[in-house]
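The chain contents come next:
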Amino acid sequence: MMLLNTYPYTHYGCPMGSSYFNIPCAMSNKMCYFQNNMFNVYRASSYRAYMPICFAEESDILQSEVGDACCKNTISARNTIGGELDNIRTTQDTEHVKEIFNDMIKNDKVKALSLINEDSMLFGSLFILYSEIEKLNIFEHLNLRNKIAINIIKEILSGSSELSDIGCSPCNYLEAAHSGIRWMLVSGAYDDGLDDTFDKVIDSAASLLVKVYSDKTVLPVIADLIFKRNIKGLFHNDLVWVFFEAQSPESLILLAEHFKSPYAADIELAYKLLRFIPNISRRIGISGAEIAKHFNNWIEDNILFLYYTGESFQQSINPTPYRISLEAKYLCKVVSVDTGNIIESIDEEQYKLLKEYSELDTDNKSMLSSFSYDMHKKNLKYWNKWIRYSIAEQIAIAEMEGEHD
Amino acid sequence: MIKILGNIISLNSIAEKVPANSIELVVASRMISNNNTFYYSNINELLFEIDLRSRIIYASRELNKNKLVFSTFRESRCNPMFWKRTEEGGFLLKNDVMPSAAINDIYNNTYMYRTECATAIIIVFYRAIVKKLSEYRFNKMFSNIYLMNWKQLDSDLGVRTHSNVLASIPGDCMYFKNPEVDPLKMEWQGENAIDLGDGTYYGHGIGITTADRIIDALNSKRKAGATKSAYLLDTATRLGFRHLAELHYLERY
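Given the structure is predicted, the values throughout are model-derived calculations rather than measurements. (Residues numbered from 1 in each chain as written. Chains lettered and ligands numbered in written order. Predicted model: local features only at pLDDT ≥ 70, side-chain atom pairs only at ≥ 80, totals over all residues.)

So, the overall build of chain B
Okay, so step 1: When you go through chain B residue by residue, the secondary structure sums to 8 helices and 15 strands.
Okay, so step 2: Computed over the C-alpha atoms, the radius of gyration of chain B is 18 Å, within 12% of the 18 Å expected from 2.2 N^0.38 for a compact globule of 253 residues.
Okay, so step 3: C-alpha extents for chain B along the principal axes are approximately 55 × 50 × 30 Å.
Okay, so step 4: Residues counted as buried form 43% of the 253 residues belonging to chain B.
Okay, so step 5: At a minimum sequence separation of 6, the contacts of chain B that also span at least 24 residues come to 69%. (Helix = DSSP H or I, 4+ residues; strand = E, 2+ residues; numbered from the N terminus. Rg over C-alpha atoms; globule rule 2.2 N^0.38 Å. Buried ≥ 20, exposed ≤ 12 C-beta atoms within 10 Å, placed from the backbone. Contact = placed C-beta atoms within 7 Å.)

Observations concerning the sheet that holds strand β5 (residues 83-85) of chain B
Whenever strands of a sheet pair, they do so through backbone hydrogen bonds, lying parallel or antiparallel.
Residues and elements named next belong to chain B.
Okay, so step 1: Within the open sheet, the 3 strands sit side by side as β5-β6-β8. Their pairing is antiparallel. Lying at the two open borders of the sheet, with one neighbouring strand each, are β5 and β8 (146-147).
Okay, so step 2: Summarising the sheet, β5 and strand β6 (residues 91-93) pair through 3 bridges and their orientation is antiparallel. Note on β6: the bridge partner recorded for R85 is F91. (Pairing = 2+ DSSP bridges.)

Some points on the packing of helix α10 (residues 170-188) of chain A against helix α11 (residues 196-211) of chain A
Residues and elements named next belong to chain A.
Okay, so step 1: Between α10 and α11, the shortest axis-to-axis distance is 9 Å and the interhelical angle comes to 130°. Our classification of the angle between α10 and α11 gives oblique. The crossing of α10 and α11 is left-handed. Taken together, the residues of α11 that come into contact with α10 (itself represented by I181, R182, M184, L185 and G188) are I202, A205, A206, L208 and L209.
Okay, so step 2: Grouping the amino acids of the contact of α10 with α11 by side-chain chemistry returns 8 nonpolar, 1 polar and 1 charged. (Axes fitted to C-alpha atoms, helices over the stretch in contact; angles between N-to-C directions. Parallel < 35°, antiparallel > 145°, perpendicular 65-115°, else oblique. Left-handed = near helix turned anticlockwise from the far one by under 90°. Nonpolar A, V, L, I, M, F, W, Y, C, P; charged D, E, K, R; others polar.)

Describing the confidence of the model for chain B
Okay, so step 1: When pLDDT is averaged along chain B, the result is 94; 99% of the residues meet or exceed 70.
Okay, so step 2: Both confidence scores are given for the complex: pTM 0.85, ipTM 0.90. (pLDDT = per-residue confidence, 0-100.)

Section: the domain arrangement of chain A
Okay, so step 1: Per the domain assignment, the segments making up chain A are domain 1 (73-213) and domain 2 (349-405).
Okay, so step 2: Averaged C-alpha coordinates put domain 1 of chain A and domain 2 of chain A at centres separated by 57 Å. (Domains from an automatic or database assignment.)

Things to note about the sheet that holds strand β1 (residues 2-4) of chain B
All names here are of chain B.
Okay, so step 1: The strand order across the open sheet formed by 3 strands is β2-β1-β3, and the pairing between neighbours is mixed. Each edge of the open sheet is held by one strand with a lone partner, namely β2 (7-8) and β3 (38-40).
Okay, so step 2: The sheet contact formed by β1 and β2 spans 2 bridges and is antiparallel. Considered in β2, the bridge of K3 is made with I8.

A closer look at unusual backbone geometry
Residues and elements named next belong to chain A.
Okay, so step 1: Even without being a glycine, N137 presents a positive backbone phi close to 55°.
Okay, so step 2: Note that N137 resides in the loop between α8 (130-136) and α9 (144-158).
Okay, so step 3: By C-beta crowding, N137 is classed as exposed, having 8 other C-beta atoms within 10 Å.
Okay, so step 4: Even without a glycine there, the phi angle at N279 is positive, about 70°.

Some points on the interface of chain A and chain B
Okay, so step 1: Of the residues lining the interface, 24 residues belong to chain A; the matching set on chain B comes to 27 residues.
Okay, so step 2: Looking at the side of chain A that touches chain B, the elements with two or more residues in it are α9, α11 and α13 (237-245) of chain A.
Okay, so step 3: If you tally residues by element for the side of chain A that touches chain B, the top one is α11 of chain A, at 6 residues.
Okay, so step 4: For the side of chain A that touches chain B, the class distribution of residues is 8 nonpolar, 10 polar and 6 charged.

Concerning the nonpolar core
Okay, so step 1: Judged by nonpolar contacts, the single largest core of 150 residues is most densely connected at L185, A206, I222 and F243 of chain A together with V124, F125 and I194 of chain B.
Okay, so step 2: Here this core gets 12 residues from one element, more than from any other, and that element is helix α5 (residues 117-132) of chain B.
Okay, so step 3: Here this core gathers at least three residues from each of two domains, domain 1 (73-213) and domain 2 (349-405) of chain A.
Okay, so step 4: Setting aside chain neighbours within four positions, we find V124 of chain B in contact with I56, A59, S60, L63 and I194 of chain B. (Core = buried A, V, L, I, M, F, W, Y, C linked by C-beta atoms within 7 Å.)

A closer look at the pairing of strand β10 (residues 173-177) of chain B
Residue and element names in this part refer to chain B.
Okay, so step 1: Most of β10 sits out of view: 5 of its 5 residues are buried.
Okay, so step 2: Of the two faces of β10, both are covered, the one formed by C173, Y175 and K177 as well as the one formed by M174 and F176.
Okay, so step 3: In terms of strand pairing, β10 meets strand β11 (residues 190-195) through 5 bridges, oriented antiparallel. Each residue of the ladder has a partner; that of M174, found in β11, is A193.
Okay, so step 4: As defined by bridge partners, β10 adjoins strand β14 (residues 231-232) across 2 bridges and the pair is classed as antiparallel. Each bridged residue has a counterpart across the sheet, and for F176 the counterpart in β14 is L232.

Regarding the environment of E348 of chain A
Okay, so step 1: Mapped onto the fold, E348 of chain A is located in helix α18 (residues 348-358).
Okay, so step 2: Taking the C-alpha atoms as reference points, E348 of chain A and S251 of chain A, 97 residues apart in sequence, are found 35 Å from one another.

Considerations on the packing of helix α4 (residues 99-108) of chain B against α5 of chain B
Residue and element names in this part refer to chain B.
Okay, so step 1: Look at α4 against α5: their axes get within 10 Å of each other, and the N-to-C directions meet at 120°. If you check the angle between α4 and α5, you find them oblique. In the crossing of α4 with α5, the sense of the turn from one axis to the other is left-handed. On α5, the residues that touch S100, I103, N104, I106 and Y107 of α4 are I123, Y126, R127 and V130.

Details of the environment of H243 of chain B
Okay, so step 1: Mapped onto the fold, H243 of chain B is located in helix α8 (residues 241-252).
Okay, so step 2: Considered as a pair, H243 of chain B and G158 of chain B are 85 residues apart in the sequence and their alpha carbons are 6.8 Å apart.

Here it is as structure tokens:
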């Protein structure tokens with residue numbers, strides 16, 4: 001095991017752009033700005049995700065390569081990292097792997113069990129051997145990770161849940177289940193597309209991690225799978241839903257990276273998923289790189305003020321999964337992604353301002369919030385003076401400054 | 001409120017043009033009492049929308065009566081004579097078939113189909129349009145039908161999801177969201193449902209029932225320990241009625 005921040009490994013090791021820019025981040029719920037690149041944006045803003053650091057298995061690191069045409073292919077990765085059973089899979093078809101495992105159990109059960117319990121084994125091998133494990137009645141000999149995975153496969157396939165006793169305390173089970181499901185998704189991603197049932201299990205693992213464990217560190221894996229399946233024309237709707245349900249505005253970066261893809265299908269999907277962002281368009285003559293640049297500017301200006309709405313493609317043709325809290329942007333206060341409420345303290349003066357602000361029309365609200373944010377970023381001293389004026393004076397100054405720009 | 005060229009329209013003026021005690025009259029009355037204003041350039045456009053909304057309601061009831069089976073996209077099925085089932089579980093119109101015949105087949109051979117709730121609503125929309133437009137116009141307009149969810153739709157349908165809808169109009173597709181759905185039952189993340197104008201909704205997989213019962217059904221598919229109830233969103237997904245009316249009258253005159 002290695003101590004890693006998984007975010008730097010987010011997207012196949014291919015950073016979106018090398019240009020540096022100012023990015024706001026919420027540390028201890030206070031606004032600050034520092035220079036960073038695209039990867040670090042995700043890392044920095046993950047302060048809000050409360051999960052910037054995690055323990056990553058070797059397979060997590062490799063996950064950065066999943067689906068990436070410019071990185072090592074998965075077979076060679078599997079040869080060096082996966083377990084012995086995975087190596088057998090690279091040269092044998094599925095049925096043959098099952099036969100080999102059956103023979104091994106008959107001839108050398110200890111060796112067979114040690115192989116299936118190998119730490120480095122990929123989930124794909126366990127899934128392929130699922131029916132053999134049932135037939136051979138060897139569940140009791142599996143390690144905790146495999147027992148959890150087998151129980152989850154069973155529940156997904158049968159559609160009903162049963163109480164299971166896998167011999168550990170509830171607290172340990174919670175930890176072990178998280179780690180086991182994470183292994184299912186992260187190492188299983190190598191074999192995505194194995195068959196429809198396997199993909200369904202992968203989707204369910206992603207759903208459990210995001211919805212039950214609030215695990216945002218797997219979002220890069222999920223994003224990769226979405227785009228990989230889209231290229232292949234495979235079902236990816238549930239993964240898209242899971243991705244947004246993570247309520248992680250910073251994860252939008254993972255989608256926007258695909259504006260720079262050489263594949264038209266990637267750009268098209270990135271557009272569909274991000275078109276709720278103003279001025280993200282597919283106008284003729286606008287390159288993917290330009291759209292990506294526009295996205296960078298938008299996310300830089302709004303990331304701290306975005307909240308999740310819960311809208312999805314299952315509900316709407318034009319879903320807006322994230323909206324900007326104009327009130328928060330106006331006061332330059334961080335919002336809760338979950339509720340859209342400002343999470344920093346607000347004094348009496350600011351309450352009064354907000355009340356007046358809420359009575360403005362949308363155009364004036366938008367203009368004031370943008371001006372306020374820009375001023376806060378450029379000149380905090382001046383902003384502190386400006387925010388104390390009446391709303392009418394603030395508008396007059398903002399309009400005058402706007403004309404000068 | 002309804003306005004034609006800036007003039008407010010009364011229910012009486014519409015009542016003369018639609019059958020008495022009809023669903024059309026209910027639609028008109030709900031539009032008039034709505035907080036939002038519906039604008040038209042002539043009476044025909046308005047009557048077109050009222051009629052098409054009533055056909056959406058009829059198509060919903062018909063599909064429910066025909067017992068279209070609910071399934072996830074992964075397990076969806078269709079009649080291969082008319083449709084190609086894609087790997088992501090959608091139904092793509094075959095090249096050599098009439099679009100209108102393919103849509104009608106879902107109603108004639110319903111037992112051959114199974115799908116998710118969003119697809120069912122799109123089927124309902126298409127069926128209503130087939131019944132409203134001539135087959136010639138329909139087949140000309142919708143030669144590339146793909147039935148899946150809202151993500152991939154023919155732009156000629158003009159479908160849009162409207163926000164801040166305080167009161168729906170019969171024929172609107174509403175959405176019941178289930179924020180704490182069981183992560184292993186993602187198909188219960190929410191329910192698309194057509195407002196039928198009599199206090200009930202048609203939601204594929206749940207049937208025709210009240211909003212409260214739809215919420216109960218969704219709540220029964222929540223994760224263990226869930227505390228947030230399913231709820232009706234204040235959005236409405238609607239066909240592009242004015243756009244379709246323009247095309248309809250373009251053909252006739």
